[in-house]
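Secondary and tertiary structure notes
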Amino acid sequence: MSTDTAQDQQDEIDRLQAVLDAKNAELEALRARLGAENADLRHRLEQFRTIFDNAASGITIQDSEGVITAANQTFMDMVGYDRDELLGLPATAVTHPDFVQHTRALVESARRGGPAAFHYEKKLLRKDGSTLWADLTTRALAAPDGSPRGFVCVLHDITDRKRTEAAIWESEQRLRQLVERLPVLIHAHDAEGNYVFWNRECERVLGYKAADIIGNPGARALLFPDPDYRRRMETLHGEAGDFAGREAETAAADGSVKTILWTRISGEHPLPGWAVWETGMDITERKAAENALRASEHEKKLILDTISECVLYQTPDKRILWANRAARSLAGGEPEELRGKRCYAVWHGYKKSCAASPCPVDQALRLGTPVEAEVEGEGGRTWLVKGYPSFAPDGSLAGAIEVATDITGLKRSEEAMRRARDLAENATKMKDEFLANMSHELRSPMNGVLGMLDVLLDTDLDAEQRDCIQTALQAGEGLLAIINDILDFSKLQADKIVLARRPFRLRHTVRTVCNTFREQSLRKGLDVGYEVDVAVPETVAGDEGRIRQILFNLVGNAVKFTHQGSVRVRTRILRKGADPRLARLLFTVTDTGIGIPADQLDSIFDPFVQLNWAKNRKYEGTGLGLGIVKRLVTLMGGIITVESAVGQGTTVHFWINVELPD
């Protein structure tokens, strides 16, 4: 080997050694730097662990399946688990069941490439079963391929904040419910005058929903259609400060007008966003009542000032509070001049109450009931004074109302009427006595005349003489009937008829009356009959003569006004009372005669009234018969009625009370 070759090899070895030394030095430097970096990394890791374990927020690290792989002490304190118990549990184990699905959905979204970080609030479930609210910030940890290989979660305990928020929410809800359900209208405006609040009472009273008013620039035009009135309302809304008692005529949705009494309280109690807010009360009915009361008071005053009676309202100590125009005119003073004065000083000039004669007002105040009395006034005038006590709502005596009427003329008229009545009564008495005496005086000689005519008929007379005597006898009997009617009528007028109570045979009485008209009915071709019900006792007690008189008048009229057909008398028991000795008999007299016009039915029982048959004077009489019949029926405790039609006949019903013998 040549020297040059060896030298070249040595040079190459030296160069390689130098390179190796350099590399070793570089390696030592790299090892020193790596050791320093490892020490720094360990320091940083220790710092991170210190921060991780002592962070005020709870921190967990989860794998891609949501299983907890690490957790700091704060989180373990939050959920009540030890490290050994917690690690390896899925995050859903410490999640309230209400939020489990939501948590799983977020993890699945991140695994599928969704947002790598998300923030939300959820409720955690402690080991002991209690709950707490946490604010979570979760970030996905990416693998080299970009897929999430886990999650880090930072949690803050917000349970106290949630409780506060819940309490505030509940308070707001209670306040809102109170505001919405209070029977008070509440509305609010912002600084531009737009409505920002309209409670339920506003909706109920005015009929507009909150959606119709809040934020509606035309809301004021709805509520105040009159532009001038609306401008006045807007001016009031723009005024500063609070006020109470502002009345606003507001148009309701149904077209009616409501009177609202508003009170502004936003000055003392400002609310954010509510530049002006007011409470209101619907006083529409109260205003209507006040207006009606004012109108009523005006009408009452007008009426009291119009009437001629003097009317005063006084306190219990007799001081005048009010007097109507008649009283003021009599006293010669105006209302302000009379008010406060005592009534006895105004009317009589007395210094103390009217003690000389009892005062109706004093008595009304003392007794608490209305009292009236006649009081003699000055100048011979007589007053009817009425005192009425007036009571307060609590029942205490508030005063008295005095009403005085000048009855001087009335007293004089009463005296004149009393004298006229006495004269009329005396005249009536004299008339009755005259009628009774004249009837008696006429009946006695008339009976003598009739008796002599009967005797004369028994003598030898030719046909013409006999006919004349019979005619005179019939005329005398008619005159005697008239005299008897007049005598009975005068007795009835004077209430001097006394009914008898004697037993008699009713069937015999009815038969006798019907037989009396047998000859007259035979001449006219009439069928006159009677019927007495088998239930009617054979003997009853009463005034047989008056019953016969009633039937005689009714049957006589029936025969008189019937030209063909029949006349029937029916009698039956109408009712028996609780007393077996008393009974009520119903009589019915029916004929087929000429009938009575409908316009005369109501007057046929009036004295001296006869049927008006124009110029036909065929049926003449006094017109007293039916009047006497009605009075006799009434005396016997009964009632008489009549049914009739012209050309179809007449039916008369009457019932009377009788006694039944033992």
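No experiment lies behind these values; they were computed from the predicted model shown.

Turning next to the pattern of salt bridges. One pass over the full model with this rule turns up 19 salt bridges. Two residues, Lys 127 and Glu 85, come together in a salt bridge whose shortest N-O distance is 2.8 Å. Within this pair, whereas Lys 127 is found in the loop between strand 3 (117-125) and strand 4 (131-142), its partner Glu 85 is found in helix 3 (residues 83-86), the two being separated by 42 residues in sequence. Accessibility expressed as a relative area gives 33% for Glu 85, which makes it partly exposed. Here Lys 162 ties to Glu 121 by a salt bridge, and the two come within 2.9 Å at their closest N and O atoms. Of this pair, Lys 162 sits in helix 5 (residues 159-181) while Glu 121 sits in strand 3, placing them 41 residues apart in sequence. If you follow the salt bridges from partner to partner, you end up with Glu 121, Arg 161, Lys 162 and Glu 165 in one network.

The next thing to look at is the sheet that holds strand 12 (residues 320-323). Spatially, 12-11-15-14-13 is the arrangement adopted by the five strands of the open sheet, whose pairing is antiparallel. Whereas interior strands pair on both sides, the edge strands pair on one side only; in this sheet they are strand 12 and strand 13 (371-376). For this sheet, the mean inter-axis angle between neighbouring strands, taken without regard to orientation, is 25°. Note: strand 11 (residues 310-314) against strand 12, three bridges, orientation antiparallel. The residue of strand 12 that forms the bridge with Gln 314 is Ile 320.

To continue, consider the nonpolar core. Core analysis: the largest hydrophobic core is formed by 43 residues, its most contacted members being Phe 587, Phe 654 and Ile 656. Taken together, the elements giving at least two residues each to this core come down to helix 17 (506-516), strand 17 (527-532), helix 19 (544-560), strand 19 (566-576), strand 20 (582-591), helix 20 (625-635), strand 21 (639-645) and strand 22 (649-659). Broken down by element, this core gets its largest block of residues, seven residues, from helix 19. Leaving out residues up to four positions away in the same chain, Phe 654 has contacts with Ile 550, Leu 551, Leu 554, Leu 585, Leu 586, Phe 587, Val 633, Ile 639 and Ile 640. Membership of the second largest hydrophobic core comes to 21 residues, among which are Met 76, Val 94, Tyr 120 and Leu 132.

With that settled, the discussion passes to the environment of Gln 648. Positionally, Gln 648 belongs in the loop between strand 21 and strand 22. Residue classification places Gln 648 among the exposed residues on the basis of a relative accessible area of 65%. In the structure, Gln 648 is positioned 57 residues away from Asp 591 in sequence and 8.6 Å away in space, judged by C-alpha atoms. For Gln 648, the residues in contact, after removing those within four places along its chain, are Asp 591 and Gly 593.

With that settled, the discussion passes to the packing of aromatic side chains. In this description, an aromatic ring pair is defined by two values, namely the gap between the centres and the angle between the planes. Counting across every chain of the model gives seven aromatic pairs. Summarising the aromatic geometry, the rings of Phe 517 and Phe 552 are spaced 4.9 Å apart at their centres and angled 40° between planes, so their arrangement reads as tilted. Residue Phe 517 is found in the loop between helix 17 and helix 18 (518-524), and its partner Phe 552 is found in helix 19; the two are separated by 35 residues along the sequence. On the accessibility criterion, Phe 517 (7% relative accessible area) is buried. Since its relative accessible area comes to 40%, Phe 552 is described here as partly exposed. Arranged with centres 4.8 Å apart and planes meeting at 10°, the rings of Phe 587 and Phe 654 form a pair that is stacked. Within this pair, whereas Phe 587 is found in strand 20, its partner Phe 654 is found in strand 22, the two being separated by 67 residues in sequence. Phe 654 matches Phe 587 in its accessibility class, with the two residues each being buried. Counting every residue linked through ring pairs, the aromatic cluster contains Phe 197, Trp 274 and Trp 277. The lysine or arginine in question, Lys 162, covers the ring of Trp 133, its NZ or CZ lying 4.5 Å from the ring centre. The cationic tip of Arg 584 hangs over the ring face of Trp 655; the distance from NZ or CZ to the ring centre is 3.6 Å.

It is worth spelling out unusual backbone geometry at this point. One non-glycine residue, Lys 318, lies in the positive phi region at around 75°. Among the structural elements, Lys 318 can be located in the loop between strand 11 and strand 12. Lys 318 gets classed as buried once you look at its relative accessible area, which sits at 3%.

Taken together, five strands build an open sheet; the order of strands is 2-1-5-4-3 and the sheet is antiparallel. In this open sheet, the two strands that pair with only one neighbour each are strand 2 (68-71) and strand 3. Ignoring which end each strand starts from, the neighbouring axes of this sheet average 25° apart. Looking at chain direction, strand 1 (residues 58-63) and strand 2 are connected through three bridges and run antiparallel. Across the sheet, the residue bridging to Thr 60 is Ala 71, located in strand 2.

Glancing now at the packing of helix 17 against helix 19. Interhelical geometry of helix 17 versus helix 19 gives an angle of 35° and a closest axis separation of 10 Å. The two elements helix 17 and helix 19 meet at a crossing, and its hand is right-handed. Facing Thr 509, Val 510, Val 513 and Thr 516 of helix 17, the residues of helix 19 in contact are Glu 544, Arg 548, Leu 551, Phe 552 and Val 555. Of the residues assigned to the contact of helix 17 with helix 19, the class counts are five nonpolar, two polar and two charged.

With 15 residues, helix 4 (residues 97-111) extends 22 Å between its outermost C-alpha atoms, agreeing within 8% with the 21 Å of an ideal straight helix rising 1.5 Å per residue. Considered for burial, the residues of helix 4 that qualify are Phe 99, Val 100, Thr 103, Val 107 and Ala 110. Within helix 4, the buried residues cover an arc of 120° as seen down the axis, which keeps them to one side. Of the exposed residues in helix 4, the ones pointing more than 90 degrees away from its buried face are Asp 98 and Gln 101. Structurally, helix 4 contributes buried residues whose contacts are with strand 3, strand 4 and strand 5 (148-157).

How each quantity is defined
Residues numbered from 1 in each chain as written. Predicted model: local features only at pLDDT ≥ 70, side-chain atom pairs only at ≥ 80, totals over all residues. Heavy atoms only, no water. Salt bridge = Lys/Arg side-chain N within 4 Å of Asp/Glu carboxyl O. Helix = DSSP H or I, 4+ residues; strand = E, 2+ residues; numbered from the N terminus. Buried < 20%, exposed > 50% of the residue type's maximum accessible area, 1.4 Å probe, protein only. Pairing = 2+ DSSP bridges. Axes fitted to C-alpha atoms, helices over the stretch in contact; angles between N-to-C directions. Core = buried A, V, L, I, M, F, W, Y, C linked by side-chain atoms within 4.5 Å. Contact = heavy atoms within 4.5 Å. Phe/Tyr/Trp six-rings, centres within 6.5 Å; stacked < 30°, edge-to-face > 60°. Lys NZ or Arg CZ within 6 Å of the ring centre and 35° of its normal. Left-handed = near helix turned anticlockwise from the far one by under 90°. Nonpolar A, V, L, I, M, F, W, Y, C, P; charged D, E, K, R; others polar. Expected span 1.5 Å × (residues − 1). Arc of directions from axis to C-beta.

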